[in-house]
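Chains, contacts and geometry: an overview
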Amino acid sequence: MATRAATRKIPRTSPDAAGLSDLVGLQGLTGAQLRALLGATREMADHPGKYANLLAGRIIGNLFFEDSTRTRTSFSVAAQRLGAGLVDVMGATSSVKKGETLIDTARNVEAMGVAALVVRARQSGAAELIARAVACPVINAGDGRHEHPTQGLLDAYTISQSFDRLDGFDLKDLKVAIVGDVAASRVARSAIAALTTLGARVVCVGPPALCPKGLGALGVAVSHDLDALLRTLDVVMMLRIQFERYAEGAPGNGEPIRRSPIAGVREYREMYALTPSRAARLKERAIVMHPGPINRGIELDAEVADGPRSVILKQVANGVSVRMAVLKMLAGSSA
Ligand code: NCD
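Now for a look at the structure at hand.

Next up on the list: the overall build of the chain. Along its length, the chain carries eleven helices and nine strands. Relative to its 335 residues, the chain shows a buried fraction of 54%. Taking as baseline every contact in the chain between residues at least 6 positions apart, the subset at least 24 positions apart corresponds to 72%. Surface summary for the chain: the accessible area is close to 14,300 Å², and the carbon and sulfur share equals 53%.

Shown next, in the form of structure tokens:
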């Protein structure tokens, strides 16, 4: 396929666009940019009806090359709440020519005249690649192990809401543990970028295979001992072990060999599951988060997921406001 020079993009000119032309990741965004995005989210949450026709006549393209329930539905609801139409393109990407296929698909959907593309893909870096190949705004809805910026924003918003920090989104004095499969987690990468920039202290917790010391380069502490930390935490963000990301090549029968990153579920739970007895040792005001999908009974017990500390469904609700804000910023001012 002929390569094309990177499309030059001009940042949207609306005063609240945070100077962004795409939203590929949160790493590298300034505190001011994050606050602009979170402030726009608060506006959407407070006055959802005010923007019901903002994107009337425009169409948002959802390009989902990897499974999703929450994120795709959330972008669809957000687009419709802004009056936009929506096209959903879904496809698996097992071909060796994945990069080409993704770009081709994106360019085709763009050629039909969409106002923005929302992209989810298995390959880390895919969103950036597509953003360079098309002129319309691209919003990363999760690319491999890289980033999931709207999730990171909804996490930062939900923490701000829970600790009365919605004026200014200053997360100083809050200690957040991200527990579990941090190594494979784009959710963790985006959350770390947002939360550390907004002033929170972040500690990643898990066995060395899932939580290597090298994560320290992201500006976080790393611990392998959840019990020792519990009484110091304000926020506990639990992550699913992403078993599907540990495939190692393909043997003769075409089935990938899956290598589990943990010795066993029982051993894992003994050290790292958030059980009712561990939850009882948290600070009184501490909250429990999870990006979903939850593997109940592995990383998080049902009693905690559905208990009084859980803000998991608030995260989901806030996700719609975040995506409305991002769509408004990127697709609302491009005409
Ligand atoms: C996650 C994802 O797909 O990145 N979920 C989400 O988008 N809320 C996390 C996961 O799959 O475990």
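In this structure, Ile-60, Leu-153, Ile-159, Ile-178 and Leu-195 are the most contacted members of the largest nonpolar core, which totals 66 residues. The element contributing the most residues to this core is helix H11 (residues 312-331), with nine residues. Those residues in contact with Ile-60 that lie beyond four places of it in its chain are Leu-55, Ala-79, Ala-84, Gly-85, Leu-86, Val-87, Ala-115, Ala-116, Val-118, Leu-327 and Ala-331. Residues Val-236, Ile-262, Tyr-268 and Val-304 belong to the second largest nonpolar core, which totals 26 residues.

The next subject is the sheet that holds strand E4 (residues 138-143). Taking strand neighbours across the sheet as the criterion, the four strands line up as E2-E1-E3-E4 in an open arrangement whose pairing is parallel. The sheet is open, and its two edges are formed by strand E2 (85-90) and E4, each paired on a single side. Geometrically, the sheet is characterised by an average inter-axis angle of 15 degrees between neighbouring strands, direction not taken into account. Most of the contacts of helix H4 (residues 126-133) go to E4, to which it runs at about 160 degrees, and overall it touches strand E3 (116-121) and E4.

On inspection of all chains with the given rule, the structure shows eleven salt bridges. Here Asp-301 makes a salt bridge to Arg-269, at a shortest N to O gap of 2.8 Å. Placement of Asp-301 in the loop between strand E9 (287-289) and helix H10 (302-305) and of Arg-269 in helix H8 (residues 265-272) is noted, with a sequence separation of 32 residues between them. Classification of Arg-269 by relative accessible area gives partly exposed; the value is 22%. Residues participating in the shared-partner salt-bridge network are Asp-227, Arg-278 and Arg-281.

Right, let's get into the packing of aromatic side chains. Scanning all chains against the criterion turns up two aromatic pairs. Taking the centre distance of 6.1 Å and the plane angle of 40 degrees together, the rings of Tyr-157 and Phe-169 count as tilted. Taken together, the positions of Tyr-157 in helix H5 (residues 149-162) and Phe-169 in the loop between H5 and strand E5 (175-179) put the pair twelve residues apart, joining distant regions of the chain. A relative accessible area of 2% places Phe-169 in the buried class. Ring centres of Tyr-268 and Tyr-272 lie 5.6 Å apart, and the angle between their planes is 45 degrees; this geometry places the pair in the tilted category. Of the two residues, Tyr-268 and Tyr-272 both sit in helix H8, four residues apart, roughly one turn of that helix.

Here we take up the pairing of E4. A regular strand places its side chains so that they alternate between the two faces of the sheet. Extensive coverage of E4 is indicated by the burial of six of its six residues. Strand direction decides the pairing type here: E3 and E4, joined by four bridges, are parallel. Paired with Val-119 across the bridge in E4 is Asn-140. In this fold, the crossover linking E3 to E4 by way of H4 has right-handed handedness.

Cut-off values and rules
- Once a new chain begins, its residue numbering starts again from 1 and follows that chain's sequence as written.
- Thresholds applied to this predicted model are a pLDDT of at least 70 for local features of residues and 80 or more for the giving and counting of side-chain atom pairs; totals over whole chains, interfaces and linings are not thresholded and use all residues.
- In computing side-chain properties, one takes all heavy atoms of the structure into account and sets aside hydrogens as well as water.
- Numbering of helices and strands starts at the N terminus; helices are DSSP runs of H or I of at least 4 residues and strands are runs of E of at least 2.
- Summary of the burial criterion: residues with accessible area below 20% of their type's maximum are buried, those above 50% are exposed, and those between are partly exposed, where the area comes from a 1.4 Å probe applied to protein chains only.
- Whether two residues are in contact is decided by their heavy atoms, any of which lying within 4.5 Å being enough.
- Computed with the Shrake-Rupley method and a 1.4 Å probe, the accessible areas treat only the protein chains shown as cover for residues.
- In this text, buried Ala, Val, Leu, Ile, Met, Phe, Trp, Tyr and Cys residues form a nonpolar core when linked through side-chain atoms within 4.5 Å.
- If DSSP finds at least two bridges between two strands, the strands pair.
- Inter-axis angles, ranging from 0 to 180 degrees, are taken between N-to-C directions of lines fitted to C-alpha atoms, where helices are fitted over the stretch in contact.
- Salt bridge, as applied in this entry: a Lys or Arg side-chain nitrogen positioned within 4 Å of an Asp or Glu carboxyl oxygen.
- Working definition: a ring pair exists when centres of Phe, Tyr or Trp rings (six-membered ring for Trp) sit within 6.5 Å. Plane angles under 30 degrees give stacked, over 60 give edge-to-face, the rest tilted.
- Seen with its strands pointing away from the viewer, a crossover is right-handed when the path leading from the first strand over the helix to the second is clockwise.

Purely geometric numbers; function is a separate question.
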